[in-house]
Protein chains: 4
Amino acid sequence: MSSTSIFDELESQVRSYCRNWPATFTTASGSSMHAEDGRSYLDFFAGAGALNYGHNHPVLLEALIEYLRSGGIVHSLDMHTATKREFLRTFRDRILAPRDLDYKVMFPGPTGTNTVESALKLARKVTGRQHILSFTNAFHGMTLGALSVTGNSMKRNGAGLPLTNSSKIPYDDYFSGATEDFLWLERVLSDSGSGVDKPAAIIVESVQGEGGLSAARPEWMRALSELCRAHEILLIVDDVQAGCGRTGDFFSFEEAGITPDIVCLSKSISGFGLPMALTLIRPELDQFAPGEHNGTFRGHNPAFVTGTAALNHFWSDDTFVGQVKERGDELHDGLSRIANGYEGAVVKGRGFLTGIKFPDTSAASRIAAASYQRGLLVETSGPEDEVLKTMPALTITSDELRSGVDIIEAAATEVLGAPVAGLAAAK
Amino acid sequence: MSSTSIFDELESQVRSYCRNWPATFTTASGSSMHAEDGRSYLDFFAGAGALNYGHNHPVLLEALIEYLRSGGIVHSLDMHTATKREFLRTFRDRILAPRDLDYKVMFPGPTGTNTVESALKLARKVTGRQHILSFTNAFHGMTLGALSVTGNSMKRNGAGLPLTNSSKIPYDDYFSGATEDFLWLERVLSDSGSGVDKPAAIIVESVQGEGGLSAARPEWMRALSELCRAHEILLIVDDVQAGCGRTGDFFSFEEAGITPDIVCLSKSISGFGLPMALTLIRPELDQFAPGEHNGTFRGHNPAFVTGTAALNHFWSDDTFVGQVKERGDELHDGLSRIANGYEGAVVKGRGFLTGIKFPDTSAASRIAAASYQRGLLVETSGPEDEVLKTMPALTITSDELRSGVDIIEAAATEVLGAPVAGLAAAK
Amino acid sequence: MSSTSIFDELESQVRSYCRNWPATFTTASGSSMHAEDGRSYLDFFAGAGALNYGHNHPVLLEALIEYLRSGGIVHSLDMHTATKREFLRTFRDRILAPRDLDYKVMFPGPTGTNTVESALKLARKVTGRQHILSFTNAFHGMTLGALSVTGNSMKRNGAGLPLTNSSKIPYDDYFSGATEDFLWLERVLSDSGSGVDKPAAIIVESVQGEGGLSAARPEWMRALSELCRAHEILLIVDDVQAGCGRTGDFFSFEEAGITPDIVCLSKSISGFGLPMALTLIRPELDQFAPGEHNGTFRGHNPAFVTGTAALNHFWSDDTFVGQVKERGDELHDGLSRIANGYEGAVVKGRGFLTGIKFPDTSAASRIAAASYQRGLLVETSGPEDEVLKTMPALTITSDELRSGVDIIEAAATEVLGAPVAGLAAAK
Amino acid sequence: MSSTSIFDELESQVRSYCRNWPATFTTASGSSMHAEDGRSYLDFFAGAGALNYGHNHPVLLEALIEYLRSGGIVHSLDMHTATKREFLRTFRDRILAPRDLDYKVMFPGPTGTNTVESALKLARKVTGRQHILSFTNAFHGMTLGALSVTGNSMKRNGAGLPLTNSSKIPYDDYFSGATEDFLWLERVLSDSGSGVDKPAAIIVESVQGEGGLSAARPEWMRALSELCRAHEILLIVDDVQAGCGRTGDFFSFEEAGITPDIVCLSKSISGFGLPMALTLIRPELDQFAPGEHNGTFRGHNPAFVTGTAALNHFWSDDTFVGQVKERGDELHDGLSRIANGYEGAVVKGRGFLTGIKFPDTSAASRIAAASYQRGLLVETSGPEDEVLKTMPALTITSDELRSGVDIIEAAATEVLGAPVAGLAAAK
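None of these values were measured; they are calculated from a predicted model.

What counts as what
- Residues numbered from 1 in each chain as written.
- Chains lettered and ligands numbered in written order.
- Predicted model: local features only at pLDDT ≥ 70, side-chain atom pairs only at ≥ 80, totals over all residues.
- Heavy atoms only, no water.
- Pairing = 2+ DSSP bridges.
- Helix = DSSP H or I, 4+ residues; strand = E, 2+ residues; numbered from the N terminus.
- Axes fitted to C-alpha atoms, helices over the stretch in contact; angles between N-to-C directions.
- Buried < 20%, exposed > 50% of the residue type's maximum accessible area, 1.4 Å probe, protein only.
- Contact = heavy atoms within 4.5 Å.
- Polar contact = N/O pair within 3.5 Å; in protein donor to acceptor, adjacent residues only side chain to side chain.
- Salt bridge = Lys/Arg side-chain N within 4 Å of Asp/Glu carboxyl O.
- Nonpolar A, V, L, I, M, F, W, Y, C, P; charged D, E, K, R; others polar.
- Phe/Tyr/Trp six-rings, centres within 6.5 Å; stacked < 30°, edge-to-face > 60°.
- Least-squares fit on C-alpha atoms with pLDDT ≥ 70 in both.
- Buried area = accessible area lost by both parts, 1.4 Å probe.
- Expected span 1.5 Å × (residues − 1).
- Parallel < 35°, antiparallel > 145°, perpendicular 65-115°, else oblique.
- Left-handed = near helix turned anticlockwise from the far one by under 90°.
- Arc of directions from axis to C-beta.
- pLDDT = per-residue confidence, 0-100.
- Domains from an automatic or database assignment.

**Let's talk about the sheet that holds strand S5 (residues 104-106) of chain C**
Residue and element names in this part refer to chain C.
Next, step 1: What the seven strands build is an open sheet, ordered S5-S11-S10-S9-S8-S6-S7; its pairing is mixed. Looking at which strands have only one partner, the edges of the open sheet turn out to be S5 and strand S7 (166-169). Across the sheet, the mean angle from the axis of one strand to that of its neighbour is 20°, orientation sign disregarded.
Next, step 2: Sheet topology note: the strand S8 (residues 201-204)/strand S9 (residues 234-238) ladder contains four bridges and is parallel. Residue Ile203 lies in a different strand from S9, and its bridge partner there is Ile236.

**Section: the environment of A:Ser266**
Next, step 1: With respect to the element layout, A:Ser266 can be found in the loop between strand S10 (262-265) and strand S11 (278-281).
Next, step 2: Exposure remark for A:Ser266: the relative accessible area of 1% places this residue in the buried category.
Next, step 3: Considered as a pair, A:Ser266 and A:Val116 are 150 residues apart in the sequence and their alpha carbons are 9.8 Å apart.
Next, step 4: Setting aside its immediate chain neighbours within four residues, A:Ser266 contacts A:Pro110, A:Thr111, A:Gly112, A:Thr115, A:Val240, A:Cys244, A:Met276, A:Ala277 and B:Phe297.
Next, step 5: One polar contact links the side chain of A:Ser266 to the main-chain carbonyl oxygen of A:Met276, over a distance of 2.7 Å.

**What to know about the side chain of B:Asn114**
Next, step 1: Relative to the elements of secondary structure, B:Asn114 occurs in helix H6 (residues 112-127).
Next, step 2: Leaving out residues up to four positions away in the same chain, B:Asn114 has contacts with A:Thr111, A:Thr113, A:Thr143, B:Pro108, B:Gly109 and B:His293.

**Observations regarding the interface of chain A and chain B**
Next, step 1: The partner chain B presents 107 residues to the 107 residues of chain A that form the contact.
Next, step 2: Seen at the junction of chain A and chain B, the total is eight salt bridges.
Next, step 3: Put simply, B:Glu11 and A:Lys84 hold a salt bridge, and the shortest N to O gap is 2.9 Å.
Next, step 4: A class-by-class count of the residues in the side of chain A that touches chain B yields 49 nonpolar, 34 polar and 24 charged.
Next, step 5: Direction of pairing for strand S1 (residues 24-29) of chain A relative to strand S4 (residues 80-81) of chain B: parallel, over a ladder of two bridges. Directly across from A:Phe25, in S4(B), lies its bridge partner B:Thr81.

**Remarks on the packing of aromatic side chains**
All names here are of chain B.
Next, step 1: Across all of its chains, the model carries 102 aromatic pairs over all chains by this definition.
Next, step 2: Where Tyr17 meets Phe45, the ring centres are 4.9 Å apart and the plane angle is 55°; that geometry is what we call tilted. Placement of the pair is Tyr17 in helix H2 (residues 17-20) and Phe45 in the loop between strand S3 (40-43) and helix H3 (46-49), with a sequence separation of 28 residues. Residues Tyr17 and Phe45 agree in their burial class; the two are buried.

**As for the relation of the copies chain A and chain B**
Next, step 1: Expressed as a screw transformation, the operator carrying chain A onto chain B has a rotation angle of 180° and an axial translation of 0.0 Å, and the superposed copies differ by an RMSD of 0.0 Å. In the structure described here, the two chain copies are related by an operation that fits a two-fold rotation axis. Nearest to the rotation axis, the C-alpha of A:Leu144 is located 2.7 Å from it, this being the minimum over chain A.
Next, step 2: Of the interface residues in chain A, 100% have counterparts in chain B that sit at the interface too, so the contact is made through matching surfaces.

**Observations concerning the interface of chain B and chain D**
Next, step 1: Chain B puts 30 residues into the contact, and the matching count from chain D is 30 residues.
Next, step 2: Summing both partners gives a buried area of about 2,600 Å² for chain B against chain D, and 53% of it is carried by carbon and sulfur.
Next, step 3: Contact with chain D buries area across many residues of chain B, yet B:Tyr174, B:Trp184 and B:Ser192 alone supply 22% of it, more than any other trio.
Next, step 4: There are two salt bridges connecting chain B and chain D.

**Details of helix H12 (residues 319-339) of chain A**
Because an α-helix completes one turn every 3.6 residues, residues spaced three or four positions apart along the sequence face the same direction.
Residues and elements named next belong to chain A.
Next, step 1: With 21 residues, H12 extends 30 Å between its outermost C-alpha atoms, agreeing within 8% with the 30 Å of an ideal straight helix rising 1.5 Å per residue.
Next, step 2: When H12 is considered as a whole, its buried residues turn out to be Phe320, Val321, Val324, Arg327, Gly328, Leu331, Gly334, Leu335, Ser336, Ile338 and Ala339.
Next, step 3: Contacts made by the buried residues of H12 are with helix H11 (301-314), strand S12 (346-350), strand S13 (353-357), strand S16 (387-390) and helix H14 (398-416).

**Points about the sheet that holds S10(A)**
Residues and elements named next belong to chain A.
Next, step 1: Pairing is mixed in the open sheet, where seven strands are placed in the order S5-S11-S10-S9-S8-S6-S7. The outermost strands of the open sheet, each flanked by one partner alone, are strand S5 (104-106) and strand S7 (166-169). Shown here is a sheet whose adjacent strand axes are inclined to one another by a mean of 20°, direction ignored.

**Some details on the relation of the copies chain B and chain D**
Next, step 1: Under the fitted operation, chain B is carried onto chain D by 0.0 Å of movement along the axis and a turn of 180°, and the coordinates agree to an RMSD of 0.0 Å.
Next, step 2: Interface residue correspondence from chain B to chain D reaches 100%, placing this contact among same-surface, isologous pairings.

**Examining the pairing of S11(A)**
Residue and element names in this part refer to chain A.
Next, step 1: Going residue by residue along S11, you find Leu278 and Leu280 tucked away on one face and Thr279 and Ile281 tucked away on the opposite face as well.
Next, step 2: Strand direction decides the pairing type here: S5 and S11, joined by three bridges, are antiparallel. Each residue of the ladder has a partner; that of Lys104, found in S11, is Ile281.
Next, step 3: In this sheet, S11 lies alongside S10 in antiparallel orientation, the contact comprising four bridges. Bridging from a neighbouring strand, Leu265 pairs with Leu278 of S11.

**A short note on the packing of helix H13 (residues 363-373) of chain B against helix H14 (residues 398-416) of chain B**
Two packed helices can be described by the angle between their axes and the distance between those axes.
All names here are of chain B.
Next, step 1: Interaxial distance between H13 and H14 falls to 8 Å at its minimum, and their mutual angle equals 125°. In terms of orientation, H13 lies oblique with respect to H14. Remark: the crossing between H13 and H14 carries right-handed chirality. Contacts between H13 and H14 involve Ala363, Arg366, Ile367, Ala370 and Ser371 from the first element and Ile407, Ile408, Ala411, Ala412, Glu414, Val415 and Leu416 from the second.
Next, step 2: For the contact of H13 with H14, a count of residues per class yields nine nonpolar, one polar and two charged.

**Remarks on the pattern of salt bridges**
Next, step 1: According to the stated counting rule, one finds 108 salt bridges over all chains in the structure shown.
Next, step 2: One salt bridge connects A:Arg327 with A:Glu326, and the closest N-O pair in it is separated by 3.8 Å.
Next, step 3: On the basis of relative accessible area, A:Arg327 is assigned to the buried category, the value being 12%.
Next, step 4: Looking at A:Glu326, the relative accessible area reads 48%, which means it is partly exposed.
Next, step 5: Across the salt bridge formed by B:Arg187 and B:Asp191, the nearest N and O atoms sit 3.9 Å from each other.
Next, step 6: When its relative accessible area of 7% is taken as the criterion, B:Asp191 is described as buried.
Next, step 7: Within this structure, A:Asp172, A:Asp181, A:Arg217 and A:Glu219 form a network of salt bridges that share partners.

**Some details on helix H10 (residues 218-230) of chain C**
All names here are of chain C.
Next, step 1: Compared with an ideal rise of 1.5 Å per residue, which puts 13 residues at 18 Å, H10 spans 18 Å between its outermost C-alpha atoms and is within 8% of the ideal.
Next, step 2: Turning to H10, its buried residues number three or more, namely Trp220, Met221, Leu224, Ser225, Leu227 and Cys228. Seen end-on, H10 carries its buried residues on one side only, within an arc spanning 160°. The exposed set on the far side of H10, more than 90 degrees from its buried face, consists of Glu226, Arg229 and Ala230.
Next, step 3: Remark: Glu232 follows H10 within two positions and exhibits a positive phi of approximately 55°.

**Points about the packing of helix H5 (residues 82-96) of chain A against H11(A)**
Residues and elements named next belong to chain A.
Next, step 1: In contact at an axis separation of 9 Å, H5 and H11 are set at 30° when each is read in the N-to-C sense. One way to sum up the angle between H5 and H11 is to call them roughly parallel. Considering how the two elements wind past one another, H5 and H11 form a crossing that is left-handed. Where H5 approaches H11, its residues Thr83, Lys84, Glu86, Phe87, Thr90, Phe91, Arg94 and Ile95 are matched on the opposing element by Asn301, Phe304, Val305, Gly307, Thr308, Leu311 and Asn312.

**Re the confidence of the model for chain A**
Next, step 1: Scored by pLDDT, chain A comes out at a mean of 96, with 98% of its residues at no less than 70.
Next, step 2: Here the prediction assigns the complex a pTM of 0.97, and the interface score ipTM is 0.97.

**Observations regarding the domain arrangement of chain A**
All names here are of chain A.
Next, step 1: Partitioning chain A into structural domains gives domain 1 (5-56 + 318-426) and domain 2 (72-314).
Next, step 2: Each of domain 1 and domain 2 has a C-alpha centre, and the two are 26 Å apart.
Next, step 3: With 31 residues of domain 1 in contact, the opposing surface of domain 2 contributes 30 residues.
Next, step 4: Between domain 1 and domain 2, the buried area comes to about 2,500 Å², and carbon and sulfur atoms account for 52% of it.
Next, step 5: Looking at the side of domain 1 facing domain 2, the largest losses of area belong to Tyr53, Arg350 and Leu353, adding up to 33% of the total buried there.

Below, the structure written as structure tokens:
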């Protein structure tokens, strides 16, 4: 295809999404993406969670264009800017204060792996311990520190080094109910001969966005939090993918009622797909020396502008949260209807980070491909890509949602055959 | 100061530039930054090298606003977009092809540390070796892999971990001429008992932007390149700060006439201060599997738009290079005039990445502070901040340049006393 | 005490056994040790397992003196000596051949930690993998590699380094029956997203001599062996303490009927308390290059002489094994009688590596101290020293055994009060 | 050869010395080793330095046999024994006190690698730093910690792991005089941006026994010691091979007049080829907790007995030292005479740890092989085995010494042709 030849000619083999979705995209709006060949696609992917408010939301777009038009400063490292001040105030007033959170805000560089690296460094520095515990099937990023706490073996192999200073512990329901929660963790922490060195921190995702959409139960998150407190271990919640409203609340851990020691935010924090990340830190842990962690793109003012606009527009009252929960139920119902038609298929995840796991591990990839043919962008998740992962914009309409679910249903029928009636009752 | 209180209240102690330059900035244009209190500052800092074409260059700004107005897609991960295609074509036509370079282009995540991490991972994967050699006073980034090859001890301590799988080797003139080039490196590589494990790669900056503005001589770079070739070690040039025209040519290594195996670019590759990075890879080394390194913000289309505009505007012919060299000479002359007035002061660096090292290690910081009072943003560099580092936009005018140099001269006089006449001849 | 003053004056604080047993010993014979002050002690410690045949067994002693008298070579590195040949032949004929084992024999340096280090190095070299799995409460030695697979946190802290390239897995019954065997291990090995890198090897002790005398069940050992085979992971049995007859059979794993890939032997392999170690290797894994692992004291001929004599004297037929099992039952019965008198006390271990775990974690240390006052050397084991560990010479007589058990009983009564009748039935 | 078939059949391929010296040895005395086939060999190898007083020295042998005959305890871990007390007293009176040394004595396990591991662990624990500097072509042992500070790449590869937490620095004259002493070390220690983390310790051999017999000059050792003191870095001297009189004095560092912080001794400390090692520690560094480093064979009483006898016999006055120096001169003269006959050949090393380096790197191995044919055991050293290494017993007679040198001379003539007259003057 001539239109993609420059990619074949020049771009590294490491590229991946374009292999499944080979269209060349040009414009986008809300939950629609438009390709050069005239086709449009409904977006159940939302920039892997970076587009929680959809593409080019007009309120954010206007704020950004106005800012640029005004000659506003674009790049400022960690100097003070009026834009950054406005973002910080808004973040405090819309997000932190209403939730009684007194975090310090660190700008660690504009990506998820930057915030994770800053969190791991800080936890080690503050505690004087080196070990980090992370969970089976966790995904935290691709730089060396973040990769060490990531589960996926293909990605780990990319390091070309043994990944050290971290051990893995079982995520909620890793044994499908066969064993008690935290049996292993409690046992090793209280046994001075366990050989599992007391960790600086445990890092956790409330929903494992890349690791197969397992969602931790609120009571499990609470027990984890208490365990950390009892053993003086820091709890880091990586809310890069599950945060910013993705699970219904602004933070994914609100449902559990816990307060992590450190929180990692990125993806949708700018609200517009612009690179930005935050590390939230309990005040007494704010112990980096000036410049001890830094990075060139910490002061990306266009992201402050759109981030402020997004916080003001969506998080001033409960309207948006209510709407997201409503829409989330619709999505869940739609996916359940599909899953109920196939033996062994189960709905995974929480809120707008949800999907279907099929017993045939190749099913999700084939359904995603068939969905793409029908004009829907939907990806897979899990170590074997065994989960069809839906992650629409939180601003999607009921009609769009229904339309996307219908496409998935048709694709599933194409791939797996017609659904079987009556399975639902049996489940 | 009430206007900055939210920073004190909410922002992490890790912030640093704002401590020396406490103004709150609002707008910026070319080499001028404007603060809320009505003061303007001449910018000899240029976003730490992310603003090689100055703030808000009108050609880039218009292209960006037009793109946003048109509904252009903002965030696309590594899907194909028309914008990305245009960027790749332009990069090929304006940069790679004229220089006979056949690199593959990888988008590794939008920051300098992302491209460095991708380069280190790739070098290890491709060679099957783990060790990396890096140079004294190198700076490559703040995530764990990049930090391991960085020299600064304060920044290294932030890791909270021993940094492993890397050794340090002396940069050009590390011994002030007291010993032959590459004596140590050649010796250990050819001695199977040296205990320095054969490295996957050597990573080098042509000019050490953070490490004190040491600039490697072209013949040293050539010898390094030949040494790498002879021992089948990959040569990675980290051109994050020194690339994109900063030293006069597009790549800092052009002067030496070498072709590195892997090149890291970021900072000014978007031309507008927008986060973006590239990893350039010799085709035979392009061996990552699809998705083996990834990241959410690899498809930041506004950066593709401004990057394309910048390449077209500045790199279509030799005009800009010629102008940069001319202006670079003026800067160098100005700095030399100042340095010549102070015993032991020397001019360091190359092109627009240049400065003055004073024998009194506190002088540079004090001169920078006095310059700020006079309306000039200029920072320091080096392990003890002993170098006054000037890094103006490449688009700065002669008048602005002269004006900035005059401020430094006045600040130096304030801090160190009047210059001594006649020292120049003695030097 | 004047007799020990040179120890206080000159010896490092790291010394430990002498703190609990401060007598100065002079001679020893069988299960008796004699101190300078005229007191004798019954030895339920046996050199931490290095004296399975007791002190100064006359057959071994005579062989050694005769050898020395004859001018026999003492130290030979890994040159051929007639003595080494004799040892190898005897080891083949008495130990390997009757058990259908075709191991290659490596002399890795004369201590337990040397053989463990050689085994770990070989496993990594042969498989090309770096990770090693070891068990909770394992003890494998004090050099850096062996310490990395050891559980005890006090000993691990001595490294002064994060210990890397190893993860811990739960030993048999680590959860007191609360969960299924190998649930964790099977799950992580079959899950490519588990984040537990596929290991080169799993290293295990059949009985955890230092870790609290947990003994793995034969069926657990078999399942472990099968799991390793299924996943192409090497199985290393560290038989340094539990081998050489300590559990009844020559190798501790014979009861389970498995054949490990690598076996570590030391302690009693010389039979006389002389430093010596062996690494047994499945022939296809014998892939070290000549000299790739070495050490000065690999050719300790006095140890070959006594080792040969011991193998010939004790392992030519089944008499010794039968006797050890008989005596082992007596020991077990005696300990059970004591344990049955105290609520919550349980007998741990197997064969002549057995003891009593008391619910009060300080009980064992106090009973050991009271036993010492009564003339019995008996130590403790476990992360909190919570197990009274009996490890008599295998050659101990019934009378000595009874006498030692009686002392423990009296010491327990002193420390914990009179035993409670009727508890046994309730257990 | 039928006599060695069990070695071929059963022993691991890792064996090495027996490949060059395939005789099967039976008895030995002084500097003579006797093989089964009736041949005798003159020993210029001395158990790689473990037999400084020759084989089966009668004074030591008698003391050992008498001890064994008396029923003396053989194995005692770190309990007090009368024998250990006697050893400590003698070591204090004969070695430490006369040299005004107030070291604490640690028994770290009976081999060189054990003492090195204990020294590295202690240095890290005491300083709280992790990094260790070691020298090019150093050899410190084969367990993971000691291997990390060893230079030889073949041996390092045996680890199957990247070796971490150590950097290499150039040994004395590593650049053949091309650069100033300690240029690199002083520079990196005083440069906070060097990227060479401040080390816990520097570990050094006064003569590199395995690394090619480079001998550090006394002034270099002094400068190293001062550098360590100035930077508060611990200095560890690994005197495993060069200690116990090998270079003339008891400690190899006496010539330089320095006092290391930690000293590693093994090999000839028992005097009889019996496994034993000591770690000597400045009192204020004696900070291991009881049992924080341990090992089964720390209380090897036969080695205490022979060690005590050796210290009393050889080190009660200066006679032995004088005789060693005299004999050392003879050896040096003999080797010089040979070296002078061959272009580019140079004498290396010091005292009884000396040899000839030939420009043709295969020469030494061929001369060693030809010497073996003539009845002399002499090995090679260096990363390419390029040095013929002579290490006779310190008790060798003048006649034996001459005889051995004559054999080497004849072997050299056979291998390299007749010596060239008149070269000496030119050197």
